[in-house]
Each structure stands twice: as structure tokens, then as C-alpha cells.
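Next come the chains, spelled out residue by residue.
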Amino acid sequence: MNQQPQLMKHTIKELEDIASQVRRDIVRMVHGCQSGHPGGSLGCADFFTALYFEVMNHSTDFTMDGKGEDLFFLSNGHISPVFYSVLARSGYFDVSELATFRKLNSRLQGHPTTHEGLPGIRIASGSLGQGMSVAIGAALAKKLNKDHSVVYSLHGDGELQEGQNWEAIMYAPFNKVDNLISSVDYNGQQIDGPTEKVLSLENLQAKFEAFGWHVINSDGNDMDSIVKALHYAKSLLGKGKPILNLMSTQMGAGVDFMMGSHKWHGVAPNDEQLALALAQLPSTLKDY
């Protein structure tokens, strides 16, 4: 991967420390309400940290229009714990609110919604397969408004079994939506088992390339790799093609007994499991 050196806002070690705290938040949030999706959230902690703390041009003075700033859309909304943690840790709302996750009258619903007015949330994403369409629409609006900001989106690999994705994936290159960087959380797991056994995705890179996307690969659980990949993706914008970051991750990354298993897709840790998980995750920004 050839690219120019980037002026970093944070060191890789600083970003890794933030990601460790985000992982602590995730397991504590899901444990606190005994509900939620820790596996995919843990697997994407490095990506979210890199995006919000290093790569994306965004403002915590949140407006739904997002004029003059980069936008992010989470399609696989069940990994809301990692999204909420990173939003809070980067200043969108008070970190103490993470303690209300999935509880009565909380703004932090199990899947992100917009009617509670939680800063940072632009779409409801409980139903899978819709985020690509929304991201493309936002990217086209940016073009119409002569806004040169970037639109980012994240998708699960199992989510790509939904047909609407492929209509959107076909649409974007044909219409030269070249201000869009989409990432796929390629962990090979979904709620019912490995994607290869549920419904194989075969060669995702070849599929996206056949539809006209520029595809790059990254290790989504290596901070240096994901930072470099996202910066490289930005260097490819404006050349007539949308960018796909095919991001290899491990479900449950950072907690050894959760890693690589679909069984932790949507199961909360008990008290003993929480203690084991937290012992592996240094507290770097103080727990909420």
C-alpha cells in the first residue's frame, strides 16, 4: 500500500489506549442491562476509534445536516455499544450516560434511533441492509451541495446477505459516488453461525470489484493497519469510484474467551465473565 505519510492527531499507542477503554465500556454496558451485542462491538472498537479520533472531520456540535463535515452511518445497528462509547468518549454526550444503555427511558437504545435526539445518531439502523442506501444518498447530497466532505459507512458481512445492499452496491459506481468510503466488518460470523455455513459470501473483493468499486484490504484489529487503510482510502476519493475497505476482524477481539465465536454475537457476560474480560482491558480514560 503506497501512500504519503500522514500527520497524526494521536500516536498509535494513544489510539490503542482509547480502544481499550471503549472495549471496557462495551462489556460493562452489555453486562449492566444483561442484553446487547458484545461480539461485533468488540471487533469494531479499533475501527471506530481510528475513525472518530484520527481520520474523520467531524464536530461534536451536532446537527442533522452535517454541512461541511464528514458523515458516518452505521448499518449493522446492533453493534450500538461501540458506537455509543466512541460518541461519548469523543465528546458528543456525557460519558456517564453510557450507564443507561438499553434501560427504560434511555436515549441509548439497543439499536440506534433518532427520535430520542442522541447527538451523533443520524439514522435508525435496527433493520439490516439499509445503511448503504442511506450513505449513498448522503454522498449524493454532498455533491449537489458542493460539499467536499466524505461519507463513511460500516456494514456487517452477514448483513450483505440482504438483497438491498447489492442494488445500492451496483448503483454507486454507475453514478460515480466517489466521495464514499464503506467498510465491511469481515469477521465471518453471524448470529446463527459462521457465514460460510449460513450463506457463503464467496469472494467479496471480486464481487465489489465486478460491480465497479475500488477495494482495499485492512486488518481491522491492528490500529496501525486500519489508520493507514482509512487514510489511503481518502487518497483514492474523487476518481469516479466508491471505495470499499474490506476489513478483517475477529468477533470479540480483545477478550480471549469471546474471540472468533458467533456465540458472543448477542449474549451478555455474567459477573464472573465481566471480571475476566475487564482484567484483559486496561482502563485508560476512567470507567463511567
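Everything below is about the structure printed above this text.
Residues numbered from 1 in each chain as written. Predicted model: local features only at pLDDT ≥ 70, side-chain atom pairs only at ≥ 80, totals over all residues. Heavy atoms only, no water.

S.K.: Hey, could you go over the layout of surface pockets for me, with residue numbers and the actual values?
M.R.: Approximately 270 Å³ is the volume found for the largest pocket. In this structure, the largest pocket is lined by 19 residues; those nearest its centre are His78, Leu128, Glu159, Gln190 and His265. The residue inventory of the lining of the largest pocket, partitioned by class, reads 4 nonpolar, 11 polar and 4 charged. (1 Å grid on protein atoms, 1.4 Å probe; cavity = no way out; pocket = protein on both sides within 12 Å on 5 of 7 lines; lining within 4 Å. Points joined across faces, edges and corners; volume = space filled by probe spheres on them. Nonpolar A, V, L, I, M, F, W, Y, C, P; charged D, E, K, R; others polar.)

S.K.: Give a detailed account of empty space enclosed by the protein, specifying residues and quantitative values.
M.R.: According to the stated counting rule, one finds 2 cavities of 30 Å³ or more in the structure shown. In terms of lining, the largest cavity is formed by Tyr52, Met56, His58, Phe62, Glu69, Asp70, Leu71, Phe72, Tyr92, Gly120 and Arg122. For the lining of the largest cavity, the class distribution of residues is 6 nonpolar, 2 polar and 3 charged. Roughly 40 Å³ of volume is contained in the second largest cavity. Phe72, Phe73, Leu74, Phe83, Pro112, Gly120, Ile121, Arg122, Ile123 and Ser125 together form the lining of the second largest cavity. Element by element, the count of residues in the lining of the second largest cavity is highest for strand E1 (residues 71-74), at 3 residues. (Helix = DSSP H or I, 4+ residues; strand = E, 2+ residues; numbered from the N terminus.)

S.K.: An account of the packing of aromatic side chains is requested, with residue identities and associated values reported.
M.R.: For the coordinates displayed, the defined rule picks out 14 aromatic pairs. Between the aromatic rings of Tyr84 and Phe101, the centroid separation amounts to 6.1 Å while the plane-to-plane angle is 65°, which identifies the pairing as edge-to-face. With Tyr84 in helix H4 (residues 80-89) and Phe101 in the loop between H4 and helix H5 (131-144), this residue pair connects regions lying 17 residues apart in the sequence. Judged by relative accessible area, Tyr84 falls into the buried class, the value being 0%. Within the aromatic cluster, the residues linked to one another by ring pairs are Phe47, Phe48, Tyr52, Phe62, Phe72, Phe83 and Tyr92. Above the plane of the ring of Tyr288 lies Arg28, whose end atom (NZ or CZ) is 4.2 Å from the centre. (Phe/Tyr/Trp six-rings, centres within 6.5 Å; stacked < 30°, edge-to-face > 60°. Buried < 20%, exposed > 50% of the residue type's maximum accessible area, 1.4 Å probe, protein only. Lys NZ or Arg CZ within 6 Å of the ring centre and 35° of its normal.)

S.K.: Can you explain the side chain of Asp185? Please cite residues and give values.
M.R.: Tracing the backbone shows Asp185 in strand E3 (residues 180-186). Ignoring any residue separated from it by four or fewer positions in sequence, one finds Asp185 in contact with Gly40, Cys44, Leu154, His155, Gly156, Asp157, Met247 and Thr249. (Contact = heavy atoms within 4.5 Å.)

S.K.: Now, about the side chain of Ser80: what can you tell me, with residues and values included?
M.R.: Assignment of secondary structure puts Ser80 in helix H4. Residues in contact with Ser80, not counting those within four places in the same chain, are Ser41, Phe101, Gln109, Gly110, His111 and Pro112.

S.K.: Any chance you could break down the pattern of salt bridges for me, citing the residues and the numbers?
M.R.: Under the criterion given, the structure shown has 8 salt bridges. Across the pair Glu97 and Arg107 runs a salt bridge whose closest N-O atoms are separated by 2.8 Å. You can see Glu97 sitting in the loop between H4 and H5 and its partner Arg107 sitting in the loop between H4 and H5, a full 10 residues away along the chain. For Arg107, a relative accessible area of 27% corresponds to the partly exposed category. (Salt bridge = Lys/Arg side-chain N within 4 Å of Asp/Glu carboxyl O.)

S.K.: Requested: an account of the sheet that holds E1, with residues and values cited.
M.R.: Across the sheet, 5 strands lie side by side as E1-E2-E3-E7-E6; this open sheet has parallel pairing. Edge strands, defined here as strands with exactly one partner in the open sheet, are E1 and strand E6 (214-219). Between one strand axis and the next, the sheet turns by 20° as a mean value, whatever way the strands run. In terms of strand pairing, E6 meets strand E7 (residues 243-248) through 6 bridges, oriented parallel. Note on E7: the bridge partner recorded for Asp219 is Ser248. (Pairing = 2+ DSSP bridges. Axes fitted to C-alpha atoms, helices over the stretch in contact; angles between N-to-C directions.)

S.K.: Could you give an account of unusual backbone geometry, naming the residues involved and the relevant values?
M.R.: Phi at Asn105 is positive, roughly 65°, even though this residue is not glycine. Topologically, Asn105 is positioned in the loop between H4 and H5. Under the relative-accessibility criterion, Asn105 is labelled exposed at 81%.

S.K.: Explain the nonpolar core to me, using residue names and the numbers behind them.
M.R.: Judged by nonpolar contacts, the single largest core of 61 residues is most densely connected at Phe47, Phe48, Tyr52, Phe72, Tyr84, Phe93 and Leu154. Elements with a contribution of two residues or more to this core: helix H1 (12-33), helix H3 (45-55), E1, H4, strand E2 (151-156), helix H9 (223-235), E7 and helix H10 (271-279). Residue contacts for Tyr52: discarding those within four places in its chain leaves His58, Phe72, Phe83, Val86, Leu87, Ser90 and Tyr92. By size, the runner-up hydrophobic cluster in this structure holds 24 residues, among which are Trp166, Trp213, Val215 and Leu246. (Core = buried A, V, L, I, M, F, W, Y, C linked by side-chain atoms within 4.5 Å.)

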